[in-house]
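Chain residues, written in single-letter form:
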Amino acid sequence: MSGGLFLVLEGPEGAGKSTLARALVKRMRALGLDPVAVREPGGTGPAEHARAALLDPASEMEPQTELLFFTAARAHLVQSVVRPALEGGRIVLSDRHVLSTLAYQGAGGGLDEAQIRQVNAVATQGLEPDITLVLDVSPATGRSRQLREGKAADRIEAHDDAFHDRVAAAYRRAAGPGIHHIDASGSPDEVLDQAWRVLHQERPDTFPAGRR
Ligand code: T5A
């Protein structure tokens, strides 16, 4: 990937991904790095349209349609933003990626994992994250954070507790090259410190150890 780095944040609702993404971007910028931050679904005009349709509580969709919508949005984001940035040597920080589809439409919605991976291979054309930070938090903690924030449940969040338990269990099981788990039950600063330690361990030259 000619010097670029694809970094993905994953985890259940309200785990603190967006909060961590903002803190990482700030810390990287303070070091003179220039990361590109994106979120899924979204990040391009068409992908934001897909996001609106997917999260609208009035949309009626079964998991197969969700799979294709989420993955179509991903294809556009990857081809038009992520891949060019990586090819330009940039760090791309993505709030959610393929692991979300495996957790939500797979473990949550009951779709076959191999089928999800096949469809996603078309969307990403083989692109894999270099580092994935999975923020481990219980669904109850995540939801209570969202409620404290006053966030109304979108269509996916409105699924029942059993759905969210399956999603959280899938995240806890997630393993593979570049996947690291972070205990996200602590304060935002503690989560940032853990995340930075992983980044330092993986790429010491890019992410020096040290204080915030
Ligand atoms: N989805 C997505 C699929 O089903 N399939 C897919 O393939 C993809 C890509 C996206 C939805 O789409 C689904 C998953 C989702 O349901 P979203 O709103 O983008 O929706 O995603 P959410 O994860 O639901 O977004 P949230 O913003 O609610 O969660 P975050 O980003 O994990 O949490 P964050 O950082 O916004 O924090 C939530 C609140 O907690 C506080 C924050 O200040 C905020 O108020 N907070 C903390 N409080 C205490 N301690 C900490 N460590 C905290 N960190 C944050």
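Residues numbered from 1 in each chain as written. Predicted model: local features only at pLDDT ≥ 70, side-chain atom pairs only at ≥ 80, totals over all residues. Heavy atoms only, no water.

A. Quick look at the sheet that holds strand S4 (residues 131–136). Strand order across the open sheet formed by 5 strands is S2-S3-S1-S4-S5, with parallel pairing between neighbours. Looking at strand neighbours, the two that pair on one side only are strand S2 (36–39) and strand S5 (179–183), the edges of this open sheet. Across the sheet, the mean angle from the axis of one strand to that of its neighbour is 20°, orientation sign disregarded. Inspection of the sheet shows strand S1 (residues 5–10) paired to S4 by 4 bridges, in the parallel sense. Paired with Leu9 across the two strands is Leu133, which belongs to S4. (Pairing = 2+ DSSP bridges. Helix = DSSP H or I, 4+ residues; strand = E, 2+ residues; numbered from the N terminus. Axes fitted to C-alpha atoms, helices over the stretch in contact; angles between N-to-C directions.)

B. Structural context of the site of the ligand. Within the structure, the ligand sits among 29 residues, and Glu13, Ser18, Thr19, Arg96 and Gln146 are positioned closest to it. Take Pro188: an N or O atom from its main chain is 3.4 Å from a nitrogen atom of the ligand. When the ligand is considered free in solution it has 1000 Å² of accessible area, and contact with the protein chains removes 87% of it. Taken together, the elements giving at least two residues each to the shell around the ligand come down to helix H1 (17–30), helix H2 (45–55), helix H3 (63–87), helix H4 (98–108), helix H6 (139–149) and helix H8 (188–202). Taken together, the residues of the shell around the ligand break down into 7 nonpolar, 10 polar and 12 charged. (Near = heavy atom within 4 Å. Polar contact = N/O pair within 3.5 Å; in protein donor to acceptor, adjacent residues only side chain to side chain. Areas by Shrake-Rupley, 256 points an atom, 1.4 Å probe, with all protein chains shown as cover. Nonpolar A, V, L, I, M, F, W, Y, C, P; charged D, E, K, R; others polar.)

C. A look at the packing of H1 against H8. Look at H1 against H8: their axes get within 10 Å of each other, and the N-to-C directions meet at 60°. When the axis of H1 is compared with that of H8, the two are oblique. Helix-helix and strand crossings are classified by hand; for H1 and H8 the assignment is right-handed. Judged by residue contacts, Thr19, Leu20, Ala23, Leu24, Arg27 and Met28 of H1 engage Pro188, Val191, Leu192, Asp193, Ala195, Trp196 and Leu199 from H8. For the contact of H1 with H8, the per-class residue count stands at 10 nonpolar, 1 polar and 2 charged. (Parallel < 35°, antiparallel > 145°, perpendicular 65-115°, else oblique. Left-handed = near helix turned anticlockwise from the far one by under 90°. Contact = heavy atoms within 4.5 Å.)

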